[in-house]
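Breakdown of the fold
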Amino acid sequence: LDKDRWVYCWADGIYSGLRSEDTKLCALVIIGVNEQGEKRFLAIEDGVRESTQSWREVLLSLKQRGMNAPKLAVGDGAMGFWAALDEVFPETRHQRCWVHKTANVLNCLPKSSQAKAREGLREIYRSESRKKAEKALDAFIEIWDAKYPKATARLIKDREELLAFYDFPADHWQSLRTSNPIESTFGTIRHRTKRSKGCLTRDGMLHMMYKLARCAEGRWRRLRGFDHLAKVIEGVEFKDGKEVKYTDQVAA
């Protein structure tokens, strides 16, 4: 890991059934993007649900192996990961997954209102600037807060973390808004687990995850707009997806 500079990472907990019907394996998964835009599995570890301690052990192991602090981490609302990240890599910024957040918000609404609310949420994260996204978010809260305060509360508490991607290159936004790189890869694993009806042991499940993950890794494309990654590493400032260029002012 110390041979690469890791710019972004995605984290998620993947649950799969084991031989016992009452037992599920929680695999803690982290995918990283290096400075060449190459995506790599950094960790697939057996954890105790998604506790802070389990994530702390995973992140400390990565740090000991030479991993630098990523500029941005993407994940769902599982507090264990974010608490551990703040301990191990406190300089890494947080980005909440919009796919998970949308599902969480819609779960607080009646089915008859979900289509309209979904469009309102899309208007937020598809806005071309943070200012427009903030305006759309405020409008969503104004429309739904009176009747469904639990739904709007889920947006309000993660407001800053939901919009962090605006401070990074626009070419990267599609990848940074969600933890789908992990979800899509492990769809195959969930399918195979269901077909096998939970016949695998814990070690067997982890072995299968590792093998399938390595196969998937070989088919991944480089991150779109990877040529901007060097600037992100250097700390170049981006606003609404565009590089901020400062003009030296010479005093008369």
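An account of the accompanying structure is given in this report. Computed from a predicted model, the values in this text were never measured in an experiment. (Residues numbered from 1 in each chain as written. Predicted model: local features only at pLDDT ≥ 70, side-chain atom pairs only at ≥ 80, totals over all residues. Heavy atoms only, no water.)

1. Structural notes on the environment of A27
By the secondary structure assignment, A27 is in strand β2 (residues 24-34). Here A27 falls in the buried class, since its relative accessible area comes to 0%. Along the primary structure A27 and G13 are separated by 14 residues, whereas in three dimensions their C-alpha atoms are 5.6 Å apart. Once you skip the residues sitting within four places of it in the chain, A27 turns out to touch D12, G13, I14, I44, E45 and M209. (Helix = DSSP H or I, 4+ residues; strand = E, 2+ residues; numbered from the N terminus. Buried < 20%, exposed > 50% of the residue type's maximum accessible area, 1.4 Å probe, protein only. Contact = heavy atoms within 4.5 Å.)

2. Some words on helix α3 (residues 98-106)
For α3, the full list of buried residues reads W98, K101, T102, V105 and L106. All buried residues of α3 project into a common sector of 130° when viewed along the axis, lining one side. The elements touched by buried residues of α3 are β5 (93-96), α4 (111-125), α5 (130-144), α6 (149-156) and α7 (159-162). (Arc of directions from axis to C-beta.)

3. Details of the layout of surface pockets
One number sums up the size of the largest pocket: a volume of about 440 Å³. Lining the largest pocket we find 18 residues, and of these Q174, S175, T178, N180 and P181 sit closest to its centre. Listing elements by their share of the lining of the largest pocket, those giving two or more residues are α3, α8 (173-176) and α9 (180-195). Ranked by residues supplied to the lining of the largest pocket, first place goes to α9 with four residues. Its residues placed into classes, the lining of the largest pocket shows six nonpolar, six polar and six charged. For the second largest pocket, the calculated volume is near 230 Å³. For the second largest pocket, the lining is made up of 13 residues, of which R40, F41, L42, R65 and E217 are closest to its centre. Listing elements by their share of the lining of the second largest pocket, those giving two or more residues are β3 (39-47) and α10 (202-217). For the lining of the second largest pocket, the element with the highest residue contribution is β3, accounting for five residues. Along the lines of polarity and charge, the residues of the lining of the second largest pocket split into eight nonpolar, no polar and five charged. (1 Å grid on protein atoms, 1.4 Å probe; cavity = no way out; pocket = protein on both sides within 12 Å on 5 of 7 lines; lining within 4 Å. Points joined across faces, edges and corners; volume = space filled by probe spheres on them. Nonpolar A, V, L, I, M, F, W, Y, C, P; charged D, E, K, R; others polar.)

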